[in-house]
Amino acid sequence: MSDTLTAEVLRNALVVAAEEASIVVVRSAYSTFIVEGSDASAAVLDARGRLIAHSMATTLMNSMALKVALPELIKDIPLDTMRPGEAYVLNDAYRGGVHTNDLLVYRPVFVEGAPAYFTATMIHVSDLGGLSAGGMAPLATDIFLEGLQLPPVRLATADGIDPAMEAILRANSRTPDKVMGDVRALVAGTAVAAARLEALIAEHGVDGLAAGVDDYLDYTEARTRASLADLPEGRFEAAYPIDDDGINPEKSHHIRVAITLSATQAVLDFAGTDPQVPAAINASASQSLAAAVFAVRCFLDPTIPMNDGCLRAIEVRLPEGSLLNARSPYPCGGRYVPIYAAMEAVFQALSDAVPERAIAPSGILQPFSIAAVGAPYWIHLAYDFGGVGARQGLDGPDATGVHFGIGRNSVPQVEPVESRCPLIVESIETIPDSGGPGRYRGGLGSRTVYRFLADCHVTTRGDRLRLPPPGRDGGLPGRLGGFYKAYLDGTVERLASKVNNVRFAAGEAFIMETTGGAGLGPPAERDRAAVLADLEAGRVTPRGAAEDYGFQPRRRSKSPGSKLTGKGDDRLTVVPALWTVGPA
């Protein structure tokens, strides 16, 4: 057995190996979203299927996929048939994958002639067919409309990419050169992580590395159970709705969870969740597992590492054939919609269990794509984020969303997007008054305006755009966002939350507004100094202060820094603002 210090050194070294792999992918890839958004993931696993380490940029969605899919790979390609230098790929959503555009690439690392570890990388490649460019198919009614499906297959040998696999990938992509650039980047990332892992084996020995891994996984498990022990024991239930499935725009769907907390274990049972539907609002099991684990970890010690040890203390039950564990041929591309509802349901159940750490529901990320109407294809994939719900004692952050599915930068920067695509980003701003009013205010949503310089198609996959995030403990809902089309004559049309290939003409604009987070606690109990600060920062308008908080803002005649005399509130003493407030 290794000592605790050695185990911690090894843990960090393996995290660095995975991190370096993800950086290699970002710097080598061709797709704009990866290069500019740094949306790449990497992990190190062992042949037993345990998640040993993942990169700092890796989202839990991706690391859970890499973990759940590895046993499926080994089932189809047994360990004793693998050879050094080979790499394998799959994207099968029903076998641990995510959706068709997310490629999971694995490389075995051999110890004493047999695969003992795997390095893995994963990104959303630019395009692999489907109803619309870039992998967005919000109106897909089966998996076959979402793009090319790959079971576990050999992608590369020591000599390079398998020619037959390259031919298949190119034939199924609108952007074949970009896809192959992305694929080579994935393979290169696994090679770099494998080299780092081999160096650690040489330095610490086969047994030394194995013992160190066992030690720190056990340590993580112990810390996770200890943190769970701080939560109250009992059963806590919650549910959260999905706006619609895109096919029936007025019909909502629901995610339900019952959480049982014991001294050292959390069991999350999603029985009662609505059944899968022939629409793009289902998720694969790996993604729902990620949502559940992420939400629980938000109520635990944040310094606990994320690896297989953590998973031993959290049991997640996902009913087969439900929105959270879809089976073929039901589509899984819209997985953000159900898994973010699952995350929210867990948040609300645990907020009931631990009210001093409560969080109100949030606006969520709103994915969309903008693509050329024909060859040569260009594609811009993006997300905009909603406001976070208010927390007990804190306002919600603006336009960041509670997200666990995006890479380092999440949203590509404006200048590179404008240089690669025929469009102009006219404005990006937060929306005043969009945060749900409360004792603690929800975070603001955002508004982004894209002006097109060429005809294009816009595809959206939004939610929480019809049913606002509800307030908690007397707080009010966040303001609804939406997708809009601005015509050349100035008229503006609201689009449905889930649309496929809406054509925009050159000169027209696409407006993306995200939903604000909900408030927590009665708005009347909000500190007036906080209202003043919001007015000064532009987060709340004078009208919002009056209507939402019952205060009538007045322009202040005194210079900033002088004493205020707000009626009936001796807390307003010195506020460097241009506003004071009194009763409406």
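Given the structure is predicted, the values throughout are model-derived calculations rather than measurements.

Attention shifts here to the overall build of the protein chain. Scanning the protein chain from N- to C-terminus turns up 12 helices and 22 strands. In terms of overall dimensions, the protein chain is globule-like: its C-alpha atoms have a radius of gyration of 25 Å, near the 25 Å expected for 584 residues. Counting only residues that meet the buried cut, the protein chain has 61% of its 584 residues in that class. Excluding contacts between residues fewer than 6 apart, the proportion of contacts in the protein chain whose partners are at least 24 apart in sequence is 72%. Total accessible area on the protein chain stands at roughly 20800 Å², and carbon and sulfur atoms take up 54% of it. On the protein chain, the mean spot of the 53 positive side-chain charges and the mean spot of the 68 negative ones are 5 Å from each other.

Within a beta sheet, neighbouring strands are joined by backbone hydrogen bonds and run either parallel or antiparallel to one another. Overall, antiparallel pairing links the seven strands, which are arranged S2-S1-S5-S4-S3-S6-S7 in an open sheet. Edge strands, defined here as strands with exactly one partner in the open sheet, are strand S2 (51-54) and strand S7 (160-161). Pairing analysis gives three bridges linking strand S3 (residues 87-90) to strand S4 (residues 102-111), with the strands arranged antiparallel. Looking across to S4, one finds that Tyr88 is bridged to Tyr106. Along the sheet, helix H1 (residues 4-28) makes contact with strand S1 (41-46), S2 and strand S5 (114-124), crossing S1 at roughly 140 degrees. Relative to the sheet, helix H6 (residues 206-228) contacts S2, S4 and S5, its axis offset from that of S2 by approximately 85 degrees.

With that settled, the discussion passes to the environment of Ala454. Relative to the assigned elements, Ala454 resides in the loop between strand S15 (446-452) and strand S16 (456-461). A sequence separation of 82 residues divides Ala454 from Ala372, and the C-alpha atoms of the two residues are 8.1 Å apart. In this structure Ala454 touches Pro422, Phe504 and Ala506, once residues within four positions along its chain are discounted.

The next subject is the confidence of the model for the protein chain. Residues with a pLDDT of 70 or more make up 92% of the protein chain, whose mean pLDDT is 91. The model gives residues 559-578 a pLDDT under 50, and that stretch makes 39 contacts with residues more than four places away or in other chains.

With that settled, the discussion passes to helix H9 (residues 336-353). For H9, built from 18 residues, the straight-helix expectation of 26 Å at 1.5 Å per residue is met to within 8% by its first-to-last C-alpha distance of 25 Å. The buried fraction of H9 is high, at 17 of 18 residues.

Together, Leu131, Leu139, Leu145 and Ile247 make up a nonpolar patch on the protein surface, roughly 260 Å² of accessible area in all. Its location among the elements puts Leu145 in the loop between S5 and strand S6 (153-157). Taking the relative accessible area as the measure of exposure, Leu145 reaches 30% and is therefore partly exposed.

The way to describe two aromatic rings as a pair is by their centre distance and the angle between their planes. Applying the stated rule across the entire model yields 10 aromatic pairs. Relative to Phe504, the ring of Phe452 has its centre 5.4 Å away and its plane inclined at 85 degrees; by these criteria the two rings are edge-to-face. Pair noted here: Phe452 is in strand S15 and Phe504 is in strand S19 (residues 498-504), with a separation of 52 residues, a long-range link. Overall, the relative accessible area of 0% leaves Phe504 in the buried class. Relative to Phe510, the ring of Phe483 has its centre 5.9 Å away and its plane inclined at 10 degrees; by these criteria the two rings are stacked.

This next bit is on the pairing of S4. Within S4, nine of the 10 residues are buried, which leaves it mostly tucked inside the rest of the structure. Pairing between S4 and S5: 10 bridges, direction antiparallel. Looking at the pairing, Asp102 lines up with His124 of S5. In sequence, S4 turns back onto S5 through a hairpin of two residues, with Glu112 there showing a positive phi of about 55 degrees.

Ranked by internal contacts, the top residues of the largest apolar core, which has 86 residues, are Tyr106, Leu268, Phe270 and Val346. No other element matches H9, which puts 13 residues into this core. Aside from chain neighbours lying at most four places away, what touches Phe270 is Ile255, Arg256, Val257, Ala292, Val316, Arg317, Leu318, Pro319, Leu324, Ala342 and Val346. Residues Ala29, Ile34, Val105 and Met180 belong to the second largest nonpolar core, which totals 25 residues.

Parameters and conventions
Residues numbered from 1 in each chain as written. Predicted model: local features only at pLDDT ≥ 70, side-chain atom pairs only at ≥ 80, totals over all residues. Heavy atoms only, no water. Helix = DSSP H or I, 4+ residues; strand = E, 2+ residues; numbered from the N terminus. Rg over C-alpha atoms; globule rule 2.2 N^0.38 Å. Buried < 20%, exposed > 50% of the residue type's maximum accessible area, 1.4 Å probe, protein only. Contact = heavy atoms within 4.5 Å. Areas by Shrake-Rupley, 256 points an atom, 1.4 Å probe, with all protein chains shown as cover. Lys, Arg positive; Asp, Glu negative; His and termini not counted. Charge placed at Lys NZ, Arg CZ, Asp CG, Glu CD. Pairing = 2+ DSSP bridges. Axes fitted to C-alpha atoms, helices over the stretch in contact; angles between N-to-C directions. pLDDT = per-residue confidence, 0-100. Expected span 1.5 Å × (residues − 1). Patch = residues over 30% accessible without salt bridge, like charges linked within 9 Å, V, L, I, M, F, W, Y side chains within 5 Å. Salt bridge = Lys/Arg side-chain N within 4 Å of Asp/Glu carboxyl O. Phe/Tyr/Trp six-rings, centres within 6.5 Å; stacked < 30°, edge-to-face > 60°. Core = buried A, V, L, I, M, F, W, Y, C linked by side-chain atoms within 4.5 Å.

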